[in-house]
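Given next are the chains, with one letter for each unit.
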Amino acid sequence: MNKRNFLKNIGLFGAGLPLIQNAKLEKWIAQFDHISASQLSADETFWQGVRKGYRLKPDYINLENGYYCFLPQETLEHFINHIREINYQGSFYMRTKRFDDKKAIAAKLAKLAGCSDEELIVTRNTTESLDIIIGGTHWQAGDEALMADQDYGAMQDMFGLVAKRYGVINKVIDVPNLPASDEEIINIYANAITPKTKLLLVSHVVNITGQILPVKKICAMAHSKGVKVLVDGAHAFAHFRYSIPELGCDYYGTSLHKWLSVPLGAGFLYVKKENIKDIWPLIGPGTSIKDDDIYRLNHTGTHPCHTDLAISNAIDFYLKIGPERKEARLRYLQNYWTSKVRDLPHVQINTPADPARVCAIANVAIKGMKPSELAKTLMEKYKIFTVAIERGIVQGCRITPNIYTTPAELDVFVKALTDLKNI
Ligand SMILES: Cc1ncc(COP(=O)(O)O)c(C=O)c1O
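Below is a summary of the structure that appears in this document. (Residues numbered from 1 in each chain as written. Predicted model: local features only at pLDDT ≥ 70, side-chain atom pairs only at ≥ 80, totals over all residues. Heavy atoms only, no water.)

A word on the packing of aromatic side chains
Now for step 1: Summed over the entire model, instances satisfying the criterion amount to 14 aromatic pairs.
Now for step 2: Centre to centre, the rings of Phe 237 and Phe 268 are 4.9 Å apart; their planes meet at 85 degrees, and the pair counts as edge-to-face. With Phe 237 in the loop between β6 (228-232) and α13 (244-247) and Phe 268 in strand β8 (residues 267-271), this residue pair connects regions lying 31 residues apart in the sequence.
Now for step 3: Exposure remark for Phe 237: the relative accessible area of 4% places this residue in the buried category.
Now for step 4: Between Phe 240 and Tyr 242, the ring centres sit 5.6 Å apart and the planes meet at 50 degrees, which makes this aromatic pair tilted. Both residues of the pair, Phe 240 and Tyr 242, belong to the buried class.
Now for step 5: Chaining the aromatic ring pairs together yields one cluster made of Trp 28, Phe 32, Phe 46 and Trp 47. (Phe/Tyr/Trp six-rings, centres within 6.5 Å; stacked < 30°, edge-to-face > 60°. Helix = DSSP H or I, 4+ residues; strand = E, 2+ residues; numbered from the N terminus. Buried < 20%, exposed > 50% of the residue type's maximum accessible area, 1.4 Å probe, protein only.)

Remarks on the state of the cysteines
Now for step 1: The final tally for this structure, using the stated rule, is zero disulfides.
Now for step 2: You can see Cys 115 has no disulfide; the closest cysteine sulfur is in Cys 249, sitting 9.4 Å from it.
Now for step 3: Judged by relative accessible area, Cys 115 falls into the buried class, the value being 12%.
Now for step 4: The cysteine Cys 249 is free of any disulfide, with Cys 219 supplying the nearest cysteine sulfur at 5.3 Å.
Now for step 5: You can call Cys 249 buried: its relative accessible area is 1%. (Disulfide = S-S within 2.5 Å.)

Side note on the site of the ligand
Now for step 1: Close to the ligand lie Asn 125, Thr 126, Thr 127, Tyr 152, Asn 207, Asp 232, Ala 234, His 235, Ser 255, His 257 and Lys 258.
Now for step 2: In the model, an oxygen atom of the ligand is placed 3.5 Å from a nitrogen or oxygen of the Asn 125 side chain.
Now for step 3: Between Thr 126 and the ligand, the recorded distance is 3.3 Å, taken from a backbone N or O atom to an oxygen atom.
Now for step 4: When the ligand is considered free in solution it has 390 Å² of accessible area, and contact with the protein chains removes 89% of it.
Now for step 5: Here the shell around the ligand is built from residues that sort into two nonpolar, seven polar and two charged. (Near = heavy atom within 4 Å. Polar contact = N/O pair within 3.5 Å; in protein donor to acceptor, adjacent residues only side chain to side chain. Areas by Shrake-Rupley, 256 points an atom, 1.4 Å probe, with all protein chains shown as cover. Nonpolar A, V, L, I, M, F, W, Y, C, P; charged D, E, K, R; others polar.)

So, the pairing of β6
Now for step 1: Counting buried positions along β6 gives four out of five residues, so the element sits mostly inside the fold.
Now for step 2: Where strand β5 (residues 197-203) meets β6, five bridges bridge the pair, whose relative direction is parallel. Bridging from a neighbouring strand, Ser 203 pairs with Asp 232 of β6.
Now for step 3: Viewed along the sheet, the connection from β5 through helix α12 (residues 215-224) into β6 turns out right-handed. (Pairing = 2+ DSSP bridges. Right-handed = clockwise from strand over helix to strand, strands pointing away.)

Describing the packing of helix α15 (residues 323-341) against helix α17 (residues 407-419)
Helix-helix packing is described using two parameters, namely the angle between the two axes and the distance between the axes.
Now for step 1: Packing of α15 against α17 leaves a shortest axis separation of 9 Å and a crossing angle of 25 degrees. Considered as vectors, α15 and α17 are oriented roughly parallel to each other. Helix-helix and strand crossings are classified by hand; for α15 and α17 the assignment is right-handed. For the pair formed by α15 and α17, the contact residues are Arg 329, Tyr 332, Leu 333, Tyr 336, Trp 337, Lys 340 and Val 341 on the first element and Pro 407, Leu 410, Asp 411, Phe 413, Val 414 and Leu 417 on the second.
Now for step 2: Class assignment for the residues of the contact of α15 with α17 results in 10 nonpolar, no polar and three charged. (Axes fitted to C-alpha atoms, helices over the stretch in contact; angles between N-to-C directions. Parallel < 35°, antiparallel > 145°, perpendicular 65-115°, else oblique. Left-handed = near helix turned anticlockwise from the far one by under 90°. Contact = heavy atoms within 4.5 Å.)

Details of the pairing of strand β13 (residues 394-399)
Now for step 1: Counting buried positions along β13 gives five out of six residues, so the element sits mostly inside the fold.
Now for step 2: Judged from the three bridges that link them, strand β10 (residues 362-366) and β13 form a sheet pairing that is antiparallel. Within β13, the position partnered with Asn 363 by the bridge is Arg 398.
Now for step 3: The sheet contact formed by strand β12 (residues 387-391) and β13 spans five bridges and is antiparallel. Opposite Val 387, over in β13, you have Arg 398 as the bridge partner.
Now for step 4: Hairpin connection of β12 to β13: two residues between the antiparallel strands, including Gly 392 at a positive phi of 55 degrees.

And the structure:
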């Protein structure tokens, strides 16, 4: 049976596709279960079915899913129901089930992250997660912190604050956009460590270029010199697969409204069990909480807990799509466009080609054109939405597709980049 007849027979072709909007995604996916993730990465019929589960704005091609990746309709409906239900139950919910629900959701996240549920708490975002660690470290005047210029600004701001408050010295290195080897990167960090270095911040994915850093090796090197490692995983979780304990870091923070497509305002913080007692909480914990209980770092007060509940639905959606399938598709989409333009003389790709160093995100520049000008031209002339990055050695537009992105959309982008040779 050819693919068209096969799809007709199962009632999911053409007019049948709205089934998927009614949360029947699992039936759709089941039809493709026999196909490997790598084969499926280029199967447009399959991904068109997935795309039907999103409400997409027709005004532009959205290649900026890095700040926030909005929810598929299925998760959105669950989220709205959680708002309704909590509004219906009011204080009764808050006084009875709320805390158990939050712990159960943290445990579900911990399973996905490969760690113990005694090492993970739900936070609002990466900023909160990482700043709890930066602000809660027991600093002495003269202690050093090490980070990269390519790390996120909010974390650098927090290090700036502890420098003012405690006399911490911040050392900032540059991560090369196109490294020749892991060792090149590790040596840059290693050479900046001194006997005074207490904490090293490293991005799992450099958010402005999409480069995946060799975090496991950086942790091993830092630990051999007695330095703790804080990993910024804002762009890694539910983007590609890994286990946090296998990275060997001390602390890990991420935002769930990015690659997991959770409603805005959700993240998590992982703290390796042995480190919990060493962090000074940002907000006073209850007196009954033990010093090695991670919940001493999680006194949030009353907050929008319907968002927390939707984390569970977003995990279900992610598992339904399949982490391996998602990763393979994202890498396919990135490679689809970068491979078509990487060798054009007027184009500069600021992200490595090596699949071990990149997944969905890449950064591109047109030589002689400011990134802000490129972003403006892409939007005004080609109706493509991206974000311009003009920060130190990173000058280009960040391109972030997601699983609903089609190669046809990327063809429009490739054509735009190709046309721009005449600027
Ligand atoms: C690498 C990195 N770290 C931290 C953040 C901050 O995330 P949030 O605003 O969700 O706290 C971002 C946001 O884009 C990021 O890219």
